[in-house]
2 protein chains.
Amino acid sequence: MSILAIGTVAFDSIETPFGSAPKVLGGSATYITLAARYFSDDVRLVAVVGGDFPDEYVALLRDRGIDLAGLEVDRAGETFFWAGRYHFDLNNRDTLATRLNVLATFNPVIPEQYRDSKVVCLGNLDPTIQRRVLEQVDAPEFVICDTMNFWIENTPDALRETLRLVDCLIINDSEARELSREPNLIKAARVICGMGPRVLIIKKGEHGALLFVEGQIFSAPAFPLEDIYDPTGAGDTFAGGFAGYLARQRRYDAESLKRAVIYGSTMASYAVERFGPDRLLNLPEDEINTRVLAFRNLSTIPELEPLGSVWQSTQLV
Amino acid sequence: MSILAIGTVAFDSIETPFGSAPKVLGGSATYITLAARYFSDDVRLVAVVGGDFPDEYVALLRDRGIDLAGLEVDRAGETFFWAGRYHFDLNNRDTLATRLNVLATFNPVIPEQYRDSKVVCLGNLDPTIQRRVLEQVDAPEFVICDTMNFWIENTPDALRETLRLVDCLIINDSEARELSREPNLIKAARVICGMGPRVLIIKKGEHGALLFVEGQIFSAPAFPLEDIYDPTGAGDTFAGGFAGYLARQRRYDAESLKRAVIYGSTMASYAVERFGPDRLLNLPEDEINTRVLAFRNLSTIPELEPLGSVWQSTQLV
């Protein structure tokens, strides 16, 4: 089934303790669509790049079968650029540069043939732009929204308007605390679901993710990896795998959402194994299956017998 | 089956964003034994207190059926005292005071009738003292050891000696990184298991715990709580529930250890619901059973079907 992804297609310059990668292909829409493409053969991209964006990168996305009718090329401008440096434990990073370039004036008009998209994945962008895109889709079945602290702090009203229109918000734990003004994540989740989304996913990096849906909480671990080279795009890849699995199943109940979280986590675990999106370009399907099944072993609790009455019986003595 | 726990019995003064509790009953041996007591009717405590330790606290432990033959009272000294203040999100705390008092000269001689103890839980203490206690036990079946950054930094050689003698080490994630000098937790676990323990548990606070055993990794979430009042003693309570479950089952294979982690996590989730050990004093057995089963729902991944060939089939087009 069709997935529409809006976000950035960008250049990233990345420094990690294990090396650096200058000006590689990046951006939220890149990671979302590459990951979603493993689950759906109808993945539609909406983004803008500048005149400096190499044909080679366009070809790379097209060769993966991603629909680029919505990729606007602003010949007069330059492509969005982000540079960052990760700390020793990879859990924190410093942003070294953010150049909006063509993104500063981006006002997406989606191609006519995208209007029937069924799953919509709104990558991290100005919430007003996210909403404008959403208004151009006729009858989406499931709308997923990512955001970040910048929008929570600087455009809170626009973000609230967008949140009223989405089914699922994906944010990290510190953003959840900031958005809800509540340090306890369980309470934070309730506050955020009161803003509109009936489904909330709180990402916790190396600690996995929490899914809140229909009054249930589902805790998914991150896949334990010995070698993590570059966390860039992991969150977007999660969203892409999550959206892709849902579009494939075309079911949005709690059990399907739990499975989608595992598929999203699996795709994210591959993304971090190489610099940039390299690992997502040629991932054998049996590798995805193997890792998804390993997730079950990782967190499956063996059968538990109820505790007998050791304490109470002896307390009476 | 018998459990021997050594650690501190102490006064704690606790400040959290939700209130404060001056000079309440605390200490690692207190939390370990109170939690273990729900699983075994033979829980033996080894610790020292000063002449200022109130009879009321002694009675409280005795009334719970904890064997206090190993509780030394040093009439001339004062009881170990710790004071701390938790930050807003409860994930971090500042130590305001640590007065070793009678602990400074503690040289435990365990009662003759404790020598046959089967599960030994070495609470956080000087590793040399931990080792001396262990040497006085005839043939323990399973030895669990807790430690902290202070001993990793200040008595590394003594800690290494103790680690060679234990079956299971329980530490938190930053301590695991420090002990192994390795930022990646999976690699850190391998380094630490090379130091002696065949089982390693890495506690991650609100993010749960990782169990490493027999080449397997098991990820257990923390129980999601809306109201956490006081994290003090949560780690010791985990160790007590973990040790207690193992002593009860008298099996130490991977599946039993996974279950023990869930029981330990369950007990810890109760400990944090009140200041000090209050919640552990009268916990109905059916509440423990209910929460243990809720853990399964929290992290049970629904059946997953292998991914079909969406991507590869269309790639050939």
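Residues numbered from 1 in each chain as written. Chains lettered and ligands numbered in written order. Predicted model: local features only at pLDDT ≥ 70, side-chain atom pairs only at ≥ 80, totals over all residues. Heavy atoms only, no water.

Some details on the environment of Thr33 of chain B
Mapped onto the elements, Thr33 of chain B comes out in helix α1 (residues 28-36). If we ignore the near neighbours within four places in the chain, the residues touching Thr33 of chain B are Ala5, Val43, Leu45 and Ile66 of chain B. (Helix = DSSP H or I, 4+ residues; strand = E, 2+ residues; numbered from the N terminus. Contact = heavy atoms within 4.5 Å.)

A look at the sheet that holds strand β3 (residues 19-26) of chain A
All names here are of chain A. Pairing is mixed in the open sheet, where four strands are placed in the order β3-β2-β6-β7. Whereas interior strands pair on both sides, the edge strands pair on one side only; in this sheet they are β3 and β7 (93-99). For this sheet the average axis-to-axis angle between neighbouring strands, irrespective of direction, equals 15°. (Pairing = 2+ DSSP bridges. Axes fitted to C-alpha atoms, helices over the stretch in contact; angles between N-to-C directions.)

Describing the interface of chain A and chain B
Opposite the 62 residues of chain A that make contact, chain B presents 63 residues. When chain A packs against chain B, the two sides together hide about 6000 Å² of surface, and 55% of this comes from carbon and sulfur. Here chain A and chain B share eight salt bridges between them. A salt bridge links Glu303 of chain B to Arg296 of chain A; the nearest nitrogen and oxygen atoms lie 3.4 Å apart. Contributing elements (two or more residues each) for the side of chain A that touches chain B: α6 (173-180), α7 (185-193), β13 (216-220), α9 (254-271), α10 (285-299) and α11 (310-315) of chain A. Among the elements that make up the side of chain A that touches chain B, the one with the highest residue count is α10 of chain A (nine residues). Taken together, the residues that form the side of chain A that touches chain B break down as 27 nonpolar, 15 polar and 20 charged. (Buried area = accessible area lost by both parts, 1.4 Å probe. Salt bridge = Lys/Arg side-chain N within 4 Å of Asp/Glu carboxyl O. Nonpolar A, V, L, I, M, F, W, Y, C, P; charged D, E, K, R; others polar.)

Here's the deal with the sheet that holds strand β11 (residues 199-203) of chain B
Strands pair in a sheet through their backbones, by hydrogen bonds, and they do so in one of two ways: parallel or antiparallel. All names here are of chain B. Strands sit in the order β5-β4-β1-β8-β9-β10-β11-β12-β13 across an open sheet of nine strands; the sheet is mixed. Each end of this open sheet is capped by a strand with a single partner; those strands are β5 (67-74) and β13 (216-220). For this sheet, the mean inter-axis angle between neighbouring strands, taken without regard to orientation, is 15°. Bridging between strand β1 (residues 3-6) and strand β4 (residues 43-50) involves four bridges; their strand directions are parallel. Across the sheet, the residue bridging to Ile6 is Val46, located in β4. Along the sheet, helix α9 (residues 254-271) makes contact with β9 (142-146), β11, β12 (209-213) and β13, crossing β13 at roughly 20°.

Observations concerning the side chain of Asp236 of chain A
Along the polypeptide, Asp236 of chain A turns up in helix α8 (residues 234-249). The charged side chain of Asp236 of chain A is buried without a salt bridge, its nearest counter-charge being Lys203 of chain A at 6.0 Å. (Buried < 20%, exposed > 50% of the residue type's maximum accessible area, 1.4 Å probe, protein only. Lys, Arg positive; Asp, Glu negative; His and termini not counted.)

Topic: helix α1 (residues 28-36) of chain A
Burial within α1 of chain A is extensive, with nine of its nine residues counted as buried. All of the buried residues along α1 of chain A are Ser28, Ala29, Thr30, Tyr31, Ile32, Thr33, Leu34, Ala35 and Ala36 of chain A.

Some words on the relation of the copies chain A and chain B
For the pair chain A and chain B, the best superposition has an RMSD of 0.0 Å and corresponds to a rotation of 180° with a translation of 0.0 Å parallel to the axis. This pairing of chains is accounted for by a two-fold axis. Counting the interface residues of chain A, we find that 100% of their copies in chain B are interface residues as well, pointing to one common contact surface. (Least-squares fit on C-alpha atoms with pLDDT ≥ 70 in both.)

Regarding the packing of aromatic side chains
Residues and elements named next belong to chain A. As enumerated under the stated definition, the model contains 20 aromatic pairs over all chains in all. With centroids separated by 5.6 Å and ring planes inclined at 75°, the aromatic side chains of Phe18 and Tyr229 adopt a geometry described as edge-to-face. Of this pair, Phe18 sits in the loop between β2 (10-16) and β3 while Tyr229 sits in the loop between β13 and α8, placing them 211 residues apart in sequence. An aromatic cluster is built from Phe11, Phe53 and Tyr57, whose rings are joined through pairwise contacts. (Phe/Tyr/Trp six-rings, centres within 6.5 Å; stacked < 30°, edge-to-face > 60°.)

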